[in-house]
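# Per-entry structural report
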Amino acid sequence: MTGIETTIVTALTNNFIGQMIKSGWEGINKNELLHKDVGQLIREGKYLFLREYTQRYWDRHGMIKVLKMSKPMDLESIYINAKCLGNLVRDYYDENLENKYRESKHRRFNFRDDGKKDGLLLANQEQYLMVLGDPGIGKSTFLRKVGLEALKGNQGSYQHPLTPVLLELKNFKENEINIQVLIEEEFKICGFPNVEKNISNKLEKGELLILLDGLDEVPTANVNNVIEKIKDFVDRYHKNRFILSCRTAARTHLQRFTDIEIVEFDDQQIQSFIEHWFSSELDRKNETAKNCWELLQKKEYKSAKELAHTPLLLTFLCWVYDDKQSFPTNRSCLYQNALRILLETWSAEKRLPNRGLVYENLSIEQEEILLSEIAYQNFVADKLFLEKREVVKQIKDHLKQNLNAPQHLDGEKVLKTIEIEQGILVERARDIYSFSHLTLQEYLTAQYIYDNDLIEETVKNHITETRWQEVFLLVAGLMRGKADKLLLAMEKEAHNYLKTPLGQKLVPILQWADEMTKDSVDSPIKPVGRRALAHWLVIFYTCIIYIYNVIHIPNVTAIIHSIVIAYAYAPEIAYLITKMSFTPKLIDEFVQLVNLFAQDRIVSKVNFSQLSADLEAFKQIIPDDKATTKERQEFADQFLKMWSTAFNLTPELLNLSPKEISEIDKHYFYINRRILDCKKVAVNISPTVWQEIEERMLRVP
């Protein structure tokens, strides 16, 4: 045991001894403990059981070692205060749940944050507390923490001077269950004297904090029996305080108990947990926690951060980051591991007994296939919240269509077991379900597409839908046999768009960009990159012209479209144009733009020296404050004509409205961006195929 652990156990023991002195225990000499050095007494072999109890509690409940952690961490160092809701959201039907989720514009399904209270505050307030929550949300950790705070006595956050006893209900396997005997065993094993008499006395006086962890983990056949035993025990010894934990999906009503539900971590809790996890001297020196948190804020890891709201999966993410000092670019592997934690690893680590055999002959692989089909069917239908009857039907249909799947299973029981044991499907309102995380639904959807060779069909139907963006990235990461098929299907859709009426208006711009950049062979930027920058120049300039022209016309919509798009390309120039501010500063912005194009040799058919000189000349003739509107307009016309001439920008090229540009960006350029994104995360791509795609990209086929 480390020095820190020894210090903690010693402090707990001293506080525990104080409790024993105050409440009394037959066989313990109060005067001896009050007037002698307790540490010396223990070293002499007296009252070892007092230290043994706190040591045993600390060893069993004060240390955390889950998943692939190489060594345990003490609960005190990583614990983040649990936040709870008193009213269970899922108890009420809400037909607008889907709309509320979409209006929230968050990826999280649990978007209710009002009314949250600190869990320890509620533990102090309520004599009988039922702590509910989804798998991996921290129910067991919360009970352990309350017990530790009780052991601290006046030094802790638990305000009642009671002796904590924690019992794990998964061990309640026998028909004959005597809770009092099990409590007595916790003291007998430590060597306490006269245990039966003393525990009876404490129970009668109400001097125990009884923590009953995991009602949902009781073997199915014994659940009703255990519930009745708990009710009888609580009624008999009602002066004590009780905290009972259970997964929300398996909850049962106990009359005396107040129900609360632990909710997911918010951003502040996630950040605090990461800071606690990476708190070593080396981590503080290297700012590991700060780097981990900042990485989770990046757009490409927004789905990973969504998982972090569940403490168990946040622990997994911290472990991954601790190992690599980063998160994998291929997120498919990350999410696959997270899914497996929920499917099998967590239950295995908790050593849950076989309960009810609902999964008899249904392997983890078969269950994953089942879940992927449910995820895909509903994602295609744009349904994130699912009615219970629909899910049950999908389960039944899947089992019927799979020759090797067990046909005798009850669809409703399978759904309930998935919810209780794994929490992958969660009841959000009465008989309304969703996947616990949108990330998991996206991953399972991608898995179904890959397993069933639906890549071309999916690309054709959904490539320009932004909600499918993460799915395509995950498909690319799953394709270990080469992602060529996915990229080629995307390229085909980009080329098909050029055959549409609006796509045809883009063709001259593509041809212009190709012609203007093809001879810039000494540029440090690849041909496709030069073509992209040339397209950018045309689109940006088109919007600038629109801003200038419509500023004199009461066409608010056109102005907004122009400004929004122009800002995306060159915010400073867009701002000055909207202010009709032809000033030396505006000309300097154009000069800077010209210098960047010249420096990287983006285009080869522009005389940049002459263009820079012309721009400097225009600075000398900018209309002053006394100039008329006509004089200002004439100046702007001359300036824009000079720019168009320098880049050979004909009226045909500039024949797009901002609205049309926006539509083109949402289709043609969006597809090309997805191609690049998928190429980046793909595990395996043929170099030849990619070279050919890159050569054709942003060109007329």
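All values derive from a computational prediction rather than experimental measurement. (Residues numbered from 1 in each chain as written. Predicted model: local features only at pLDDT ≥ 70, side-chain atom pairs only at ≥ 80, totals over all residues. Heavy atoms only, no water.)

## A look at the packing of aromatic side chains
- Using the criterion set out here, one finds 24 aromatic pairs in the structure.
- Here Tyr128 and Phe242 contribute two aromatic rings whose centre-to-centre distance is 6.1 Å and whose plane-to-plane angle is 20°, an arrangement assigned as stacked. In this pair, Tyr128 sits in strand β5 (residues 128–133) while Phe242 sits in strand β8 (residues 241–247), placing the two residues 114 residues apart along the sequence.
- With a relative accessible area of 10%, Tyr128 lands in the buried category.
- Taken together through their ring pairs, the aromatic side chains of Phe16, Trp25, Phe49, Tyr53, Phe187 and Phe192 make up a single cluster.
- The ring of Tyr670 has Arg674 sitting right over it, with the charged end atom 4.5 Å from the ring centre. (Phe/Tyr/Trp six-rings, centres within 6.5 Å; stacked < 30°, edge-to-face > 60°. Helix = DSSP H or I, 4+ residues; strand = E, 2+ residues; numbered from the N terminus. Buried < 20%, exposed > 50% of the residue type's maximum accessible area, 1.4 Å probe, protein only. Lys NZ or Arg CZ within 6 Å of the ring centre and 35° of its normal.)

## Let's talk about the sheet that holds strand β11 (residues 425–429)
- Strand order in the open sheet formed by three strands is β10-β12-β11, and the pairing between neighbours is antiparallel. Every other strand in the sheet has two partners, leaving β10 (386–387) and β11 as the edge strands with one partner each.
- Each of β11 and β12 (432–435) is contacted by helix α20 (residues 411–422), which is oriented at about 95° to β11, the strand it contacts most. (Pairing = 2+ DSSP bridges. Contact = heavy atoms within 4.5 Å. Axes fitted to C-alpha atoms, helices over the stretch in contact; angles between N-to-C directions.)

## Some remarks on a negative patch on the surface
- On the surface, a cluster of negative charge is contributed by Asp624, Asp625, Glu631, Glu634 and Asp637.
- Assignment of secondary structure puts Glu634 in helix α31 (residues 629–646). (Patch = residues over 30% accessible without salt bridge, like charges linked within 9 Å, V, L, I, M, F, W, Y side chains within 5 Å. Areas by Shrake-Rupley, 256 points an atom, 1.4 Å probe, with all protein chains shown as cover. Salt bridge = Lys/Arg side-chain N within 4 Å of Asp/Glu carboxyl O. Lys, Arg positive; Asp, Glu negative; His and termini not counted. Charge placed at Lys NZ, Arg CZ, Asp CG, Glu CD.)

## Some points on the pattern of salt bridges
- Applying the stated criterion to the full structure yields 39 salt bridges.
- Linking Glu365 and Arg340 is a salt bridge whose minimum nitrogen-to-oxygen distance equals 3.9 Å. Of the two residues, Glu365 is situated in helix α18 (residues 364–380) and Arg340 in helix α17 (residues 331–349); the sequence distance between them amounts to 25 residues.
- Overall, Arg340 belongs to the partly exposed group, its relative accessible area being 22%.
- Of the charged contacts, one joins Lys505 and Glu660 as a salt bridge, the two residues approaching to 3.0 Å between their closest N and O atoms. Of the two residues, Lys505 is situated in helix α25 (residues 501–517) and Glu660 in helix α32 (residues 658–681); the sequence distance between them amounts to 155 residues.
- For Glu660, a relative accessible area of 21% puts it in the partly exposed group.
- Taken together, the shared-partner salt bridges in this structure form one network comprising Glu76, Lys145, Glu149 and Lys152.

## Side note on the pairing of strand β9 (residues 258–262)
- Inspection of the sheet shows strand β3 (residues 83–85) paired to β9 by two bridges, in the antiparallel sense. Each bridged residue has a counterpart across the sheet, and for Leu85 the counterpart in β9 is Glu261.
- Bridge analysis of β5 against β9 gives four bridges, and the strand direction is parallel. What sits directly across from Leu132, in β9, is Glu261.

## A few points about helix α22 (residues 455–462)
- Where α22 is concerned, the buried positions are Ile455, Thr458, Val459 and His462. The arc that holds the buried residues of α22, viewed along the axis, is 100°, so those residues lie on one side. In α22, those exposed residues whose orientation departs by more than 90 degrees from the buried face are Glu456 and Lys460. (Arc of directions from axis to C-beta.)

## Describing α18
- Its 17 residues place the ends of α18 24 Å apart at the C-alpha level, agreeing with the 24 Å of an ideal helix rising 1.5 Å per residue.
- Counting buried positions along α18 yields 13 of 17 residues, so the element is predominantly enclosed.
- Asp382 sits one or two residues past α18 and shows a positive phi near 60°. (Expected span 1.5 Å × (residues − 1).)

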